[in-house]
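# Chains, contacts and geometry: an overview
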Amino acid sequence: MSKSKSSESVKVVVRCRPMNERELAANFQSVVGVDVKLGQIVVRNPREASASEHPKVFTFDSVYDWNSKQIDLYDETFRPLVDSVLLGFNGTIFAYGQTGTGKTYTMEGVRDDIERRGVIPNSFEHIFTHISRSQNQQYLVRASYLEIYQEEIKDLLSKDQTRRLELRERPDTGVYVKDLSSFVTKSVREIERVMNVGNQNRSVGATNMNEHSSRSHAIFVITVECSELDDDGENHIRVGKLNLVDLAGSERQTKTGAQGERLKEATKINLSLSALGNVISSLVDGRSSHIPYRDSKLTRLLQDSLGGNARTVMVANIGPASYNVEETLTTLRYSNRAKNIKNKPHINEDPKDALLREFQEEIARLKEQLQKRSGRKKKRRGRRRDGSDGEDQENGEMEDEEEDEDDKADYWREQQEKLERERKAIMEDHSLVAEGKVLLLKEKEKKMEDLKKEREAGEMLSAKVKAMESKLLVGGKNIVDHTNEQQKMLELRRQEIAEQKRREREMQQQMENRDEETLELKETYSSLHQEVDIKTKKLKKLFAKLQAVKAEIHDIQEAHINERQELEQTQNELTRDLKLKHLIIENFIPLEEKNKIVNRAYFDEEDEYWKIKPITRIEDDHQMMSRPLSAVGCRRPLSHYARMAMITRPEMRYKGENIMMLDLDLPARTTKEYQEPVIAPKVAAALESALKDEDEIQVDASGFHSRLGSAPPAGGSLKKPKSSRPRTGKKSSTPTSPYSPSSPGSPLYPQSRGLVPK
Ligand code: ADP
Ligand code: MG
């Protein structure tokens, strides 16, 4: 197979869906005209539908109107692509367009409806039919299904739907999704099941399927590996990979007023899509040496499909109704640019990571193992026969596989029967004592057990070989089948018709161009009148063209301004967010700590994420950092609390807390230290004596009486000096009983001092 290294353009086709019921009911105008023969889409402006503005015309590789059948699209546009995948090329089909214009309809179509099924199911049928008709080739087909939502990759076929996958790059095979599951499929039914499982998983995670599908990209990947012996008897493997991409809706997502999580979401929703646009622009531009593939997951993953080793078809889906005209024009402009991308597809021959090769080698290895086993058995049997019959038996001879199978079965049966016979003989042998019998029986049973095990192991091995072999598909069995033959003819005819149509279209397009050229060439005029006529016509035409171009420039400028405004808005929001983070850092994180973190931070190119280096490796000389104080004597830093708790309750275990240690930042004091007031020594002495504990007071009732009556006695038993104490104070009366002895029998009550006389 020769490798074609020539470049070819991305093929762009446009499909316009029919008006839907809602649009019909609301009586919307159709503003899209589709010229299938010329491959042109004509869009009228609904506002100034009258004479002043010319309709906008776009030319594509082919265009499909609302009457187009799924199978027409497939035969004309997708079949050749899938055919080249079967030859070992990479192929990609993108469906691009506003939500609700038929991307999913084109890619998947209506399930269980042969007429209306889309590219994906049609390609299943195509691939497996091709394999069943092939001869002397071995195929391995596998499928993967993934989704990109908000720049996260989800494997739609994995059991764990919460897991997010990463992109990796290898120099030989390029970018791939790490740990993406892929299923080897043997038939249309099997691969359909894979697709259904993925579709179910896609809708399960989404709260609103419509919104979800309009914001996520779904990629179904079919890998076809084919091995064939060349003329020299050497085995060659070709691998073709088909990416079937249902892109997110291309309409602008409103970002107004978004903040925090919602802003993050809004900025990420169409990141992949705008990155795709940027990649296309810079590829077409020709001036830019840097193609921003790395800006998004989608463009990175499909790097080969855009300007690389792949054949690519882009289907731009549009709606006909007038209220969508802006989006329709945007879609047409976008895909019009994509026409100019040049790819360099070539056949992928004998890649290192071909699964088919692994399968073939594994099968060969297992077969060898099986061979060895049967060899061993035969040897054993040969010996046995030698002994019993004295017949010569050649060892190690190769036999037919079928014979071998028969032999094997015979051998097992013989062995089993023999053991059974021996067991019976022992049972019936009366000469043996019971114990001896039991022993012998046990021995025989063990032998039977071993025999069974060995047999099972052999069977398992051959089952494994069979299972693996069944996954490798070979065709050519029903090639003579009559209906098959007819079908093949029919397909060939259809293909021819498609080819014919394509050529017709190309010729028409060329004729259009030539028409204009010849007009210029006819410069010889028979009369002045004719010259004026022709020149006026020409002028009119050129003027119309000029107007169209001017209008186009105006439109594009407007679109640019819109886009720019949106970007600016996003930028403003992001700057605000960033300022808040700065504010927090500046006010709440000590400078020293901030610097430490900044020094440790680095950007991981692989994961496209900022990361922090482990703490032990921050110094360049690879020294370990000194242990933190809290860790001295322990294996890891421990809090004081944990240490104490471990001493009192040694059975407790504490994990090291993963907390950054910071010294407490004490605030400046706003209070004064307490200062005792300065008291004169006299007052101090008085106070001290007054505040003496009252328990020490002893009251002498008789002394009290005399004290009230006359001058105080000189050295009574009363210890307290009374002079400094106010008479009315409670304390003077509390130690004594209320029945004071002033006049025996009458209690001593304080006198009222109120203003109201009694
Ligand atoms: P998208 O995936 O772009 O959001 P869908 O594929 O879900 O859009 O299409 C929206 C609706 O329009 C669906 O009900 C689909 O059946 C219908 N539709 C789209 N294209 C066509 C078409 N060419 N012919 C008939 N119905 C169509
Ligand atoms: Mg969709």
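Residues numbered from 1 in each chain as written. Chains lettered and ligands numbered in written order. Predicted model: local features only at pLDDT ≥ 70, side-chain atom pairs only at ≥ 80, totals over all residues. Heavy atoms only, no water.

This brings us to the UniProt feature "binding site: ATP" (unreviewed entry) in the chain. The feature "binding site: ATP" (unreviewed entry), as given by UniProt, occupies G97, Q98, T99, G100, T101, G102, K103 and T104 in the numbering adopted here. Structurally, the position occupied by T99 is in the loop between β7 (91–97) and α3 (103–107). With relative accessibility at 33%, the residue T99 sits in the partly exposed group. Once residues lying within four places of it in the same chain are set aside, the contact partners of T99 are S214, G249 and E251. Reaching out from T99, the side chain makes a polar contact with the side chain of E251 at a distance of 2.5 Å. Relative to the assigned elements, G100 resides in the loop between β7 and α3. For G100, a relative accessible area of 48% puts it in the partly exposed group. (UniProt positions renumbered as here; feature names shortened; annotations may be inferred. Helix = DSSP H or I, 4+ residues; strand = E, 2+ residues; numbered from the N terminus. Buried < 20%, exposed > 50% of the residue type's maximum accessible area, 1.4 Å probe, protein only. Contact = heavy atoms within 4.5 Å. Polar contact = N/O pair within 3.5 Å; in protein donor to acceptor, adjacent residues only side chain to side chain.)

Around ligand 1, the neighbouring residues are R15, R17, P18, Q98, T99, G100, T101, G102, K103, T104 and Y105. Between ligand 1 and T101 there is a distance of 3.4 Å, counted from an oxygen atom to a backbone nitrogen or oxygen. The element contributing the most residues to the shell around ligand 1 is α3, with three residues. (Near = heavy atom within 4 Å.)

This part is about the pattern of salt bridges. Applying the stated criterion across every chain yields a total of 35 salt bridges. Between E152 and R164 there is a salt bridge; the shortest N-O distance is 3.1 Å. With E152 in strand β9 (residues 152–155) and R164 in the loop between β9 and β10 (167–170), the pair connects residues that are twelve residues apart, well separated along the chain. Owing to a relative accessible area of 40%, E152 belongs among the partly exposed residues under this scheme. Each of the salt bridges in this network shares a partner with another, and the network as a whole consists of D75, R79, R133, E491 and R494. (Salt bridge = Lys/Arg side-chain N within 4 Å of Asp/Glu carboxyl O.)

Turning to the nonpolar core, a few remarks are in order. Formed by 44 residues in total, the largest nonpolar core has its most connected members in I41 and I219. When residues of this core are assigned to their parent elements, the largest contribution, five residues, is made by helix α10 (residues 325–338). Contacts of I41, omitting those with residues within four sequence positions, involve V14, V32, G33, V34, K56, V57, F58, F60, V63, I318 and L332. Counting 38 residues, the second-largest nonpolar core is a separate cluster that includes L73, L86, Y139 and V141. (Core = buried A, V, L, I, M, F, W, Y, C linked by side-chain atoms within 4.5 Å.)

The phi angle at Q150 is positive, at roughly 50°, despite the residue not being glycine. Structurally, the position occupied by Q150 is in the loop between β8 (137–149) and β9. One non-glycine residue with positive phi stands out, namely D179, at about 65°. Considering the arrangement of structural elements, one finds D179 in the loop between β11 (174–177) and β12 (183–185).

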